[in-house]
Amino acid sequence: MLETTIAAIRPADESAMAAARELHGRLTKPAGSLGALEDLSVRLAGLAGACPPPLPEPAAVAIFAGDHGVHAQGVSPWPQEVTAQMIGNFLAGGAVVNAFARQAGASVTVVDVGVATPLPTDPAVPDPAVPAPAVSDPAVLDPAVPRLVVASVRRGTRDLAVTAALTRDEALAAVQTGIRIADELIDAGAQILLTGDMGIGNTTPAAALIAAFTGVDALDATGRGTGVDDPTYAHKVGVVRAALARHAPDPSDPLGVLAAVGGLEHAALAGLILGAAARRTPVLLDGVIAVSAALAAAAFAPDAVGAMVAGHRSAEPGATVALRHLGLEPLVDLGLRLGEGTGALLALPVVTGAVRVLHEVATFDSAGVAEK
């Protein structure tokens, strides 16, 4: 599956991009007056191979959840059980991501790809034994009903400070889960995918991935995550630095990097991005977890960057490092560091607006407006 997905990823369509630039030059506005929105709409035309590109509606958020053996190193003050508890909150509709998704009219799919704690048994949480809706079921993209997909590869990663977090087979299984979820959501009608994540301690593997793929020092890639104090932050940087020295991950081997220092949600997000790129569907990236996964996706298939839209600039320093490496400029910068897909959802109307201009704004000729 991974090989065929990578093989299907192609460069942007230059003729569609040229058509979008030409159309912008004829619309009733000064040339270049929409700034980055014009560049974004041109990129999306190149991805779709059409001008104008499809409107990014409906939108689907995919939240991949997993736990991390490195939590044992004391890199987060939050108990690991919070990962499973937050899944219950997502499915009950009570998290920030749910509020923002309702505002945006986006569906929410939660994927257990490696949660260590058994999921809650609250009646609001779907029974994992009950199959998820089929892709033909409208419930797949129902903004009012978050759904759960159980696709656990293992119950949390191993401690990357001691050994490889995953085997190559486990990392591959998680990547392929992400590809499958992308296909499901696109087959159900989604025109844009948004990345989400949940996993206590997951900023530590994210920092390790960013340092491994970009070559920066662990200090530049590591942030405070869920607000750790100074001693814990210094310890966290040391854990990341020691893990990189222990495993010496090779950035030309993205599956090996994911296995050595990644997380199951990171690997699955990389798969989601690859799957969307193969289907020429845009992916709106959230924060530091998403962009660390995007680095892996780009290492698998450089042309996958053409499907990526940076939703926001996370307050985590590694996010800026990763975005710079990918050559992406974020659409909004609000100091967010929550994750879940929240920043991507806030940026979604910007993406929609950029595309809607090409669909709906009159040209000078059609509107009878004089040009300069």
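Residues numbered from 1 in each chain as written. Predicted model: local features only at pLDDT ≥ 70, side-chain atom pairs only at ≥ 80, totals over all residues. Heavy atoms only, no water.

1. A look at the side chain of D286
With respect to the element layout, D286 can be found in the loop between β5 (283-285) and α12 (288-300). Summary of buried charges: D286 has no salt-bridge partner, and the nearest side chain of opposite charge, R337, is 12 Å away. One polar contact links D286 to H312, side chain to side chain, over a distance of 3.5 Å. Within polar-contact distance, the side chain of D286 engages the backbone nitrogen of A344 at 3.0 Å. Residues in contact with D286, not counting those within four places in the same chain, are T195, D197, V291, H312, G339, E340, G341, T342, G343 and A344. (Helix = DSSP H or I, 4+ residues; strand = E, 2+ residues; numbered from the N terminus. Buried < 20%, exposed > 50% of the residue type's maximum accessible area, 1.4 Å probe, protein only. Lys, Arg positive; Asp, Glu negative; His and termini not counted. Salt bridge = Lys/Arg side-chain N within 4 Å of Asp/Glu carboxyl O. Polar contact = N/O pair within 3.5 Å; in protein donor to acceptor, adjacent residues only side chain to side chain. Contact = heavy atoms within 4.5 Å.)

2. What to know about the pairing of strand β1 (residues 59-66)
For β1, the buried fraction is high: 8 of the 8 residues fall into the buried class. Residues of β1 alternate between two faces, with A59, V61, I63 and A65 on one and A60, A62, F64 and G66 on the opposite face, all of them buried. Relative to strand β4 (residues 192-198), β1 runs parallel, the two sharing 7 bridges. Counterpart to V61 in the pairing with β4 is L194. Inspection of the sheet shows β1 paired to strand β2 (residues 107-114) by 7 bridges, in the parallel sense. (Pairing = 2+ DSSP bridges.)

3. Digging into the packing of helix α5 (residues 96-104) against helix α14 (residues 342-360)
Two numbers describe how α5 lies on α14: the axes approach to 9 Å, and their chain directions differ by 15 degrees. The orientation of α5 with respect to α14, classified from their angle, is roughly parallel. Crossing hand, α5 versus α14: left-handed. The residues of α14 that touch α5, namely those facing V96, V97, F100, A101, Q103 and A104, are T342, L345, L346 and L348. (Axes fitted to C-alpha atoms, helices over the stretch in contact; angles between N-to-C directions. Parallel < 35°, antiparallel > 145°, perpendicular 65-115°, else oblique. Left-handed = near helix turned anticlockwise from the far one by under 90°.)

4. Brief notes about helix α6 (residues 168-187)
With 20 residues, α6 should cover 28 Å at 1.5 Å per step; its first-to-last C-alpha distance of 28 Å lies within 8% of that length. Taken as a whole, α6 has its buried residues at E170, A171, A174, V175, T177, G178, I179, I181, A182, E184, L185 and I186. Directly beyond the C-terminal end of α6, a positive phi value near 120 degrees is found at G189. (Expected span 1.5 Å × (residues − 1).)

5. Regarding unusual backbone geometry
In this structure, the amide linkage connecting C51 to the following residue, P52, adopts the cis form with an omega of 0 degrees. With respect to the helices and strands, P52 occurs in the loop between α3 (36-48) and β1. With an omega dihedral of 0 degrees, the bond running from E57 to P58 counts as a cis peptide bond. Phi angles above zero are rare outside glycine, and E340 is one such case at about 70 degrees. By secondary structure assignment, the location of E340 is in the loop between α13 (317-326) and α14.

6. Let's talk about the environment of G271
Looking at the secondary structure, you find G271 in helix α11 (residues 264-278). Through-space distance from the C-alpha of G271 to that of Q176 is 5.9 Å; in sequence the pair is 95 residues apart. Other than its neighbours up to four places away in sequence, G271 contacts V175, G178 and I179.

7. Some remarks on the sheet that holds β2
Backbone hydrogen bonds hold the strands of a sheet together, and the pairing may be parallel or antiparallel. If you trace the 6 strands from one edge of the open sheet to the other, you get β3-β2-β1-β4-β5-β6, paired in parallel fashion. The two strands at the open ends of the sheet, each matched to only one other strand, are β3 (147-150) and β6 (308-310). When strand polarity is set aside, the average angle formed by the axes of neighbouring strands in this sheet is 30 degrees. Bridge count between β4 and β5: 2 bridges; the pairing is parallel. By the bridge assignment, L194 is partnered in β5 with L284.

8. Some points on the nonpolar core
Membership of the largest hydrophobic core comes to 120 residues, with the highest contact counts inside it found for L185, L193, L194, L284, L285 and M308. In terms of residues, this core owes the most to one element, α12, which gives 11 residues. Setting aside residues no more than four positions away along its own chain, L285 makes contact with T195, I273, A290, V291, A294, M308, V309, A310, G311, H312, L328 and A344. Grouped together as the second largest cluster of nonpolar side chains are 8 residues, L23, L27, V357 and L358 included. (Core = buried A, V, L, I, M, F, W, Y, C linked by side-chain atoms within 4.5 Å.)

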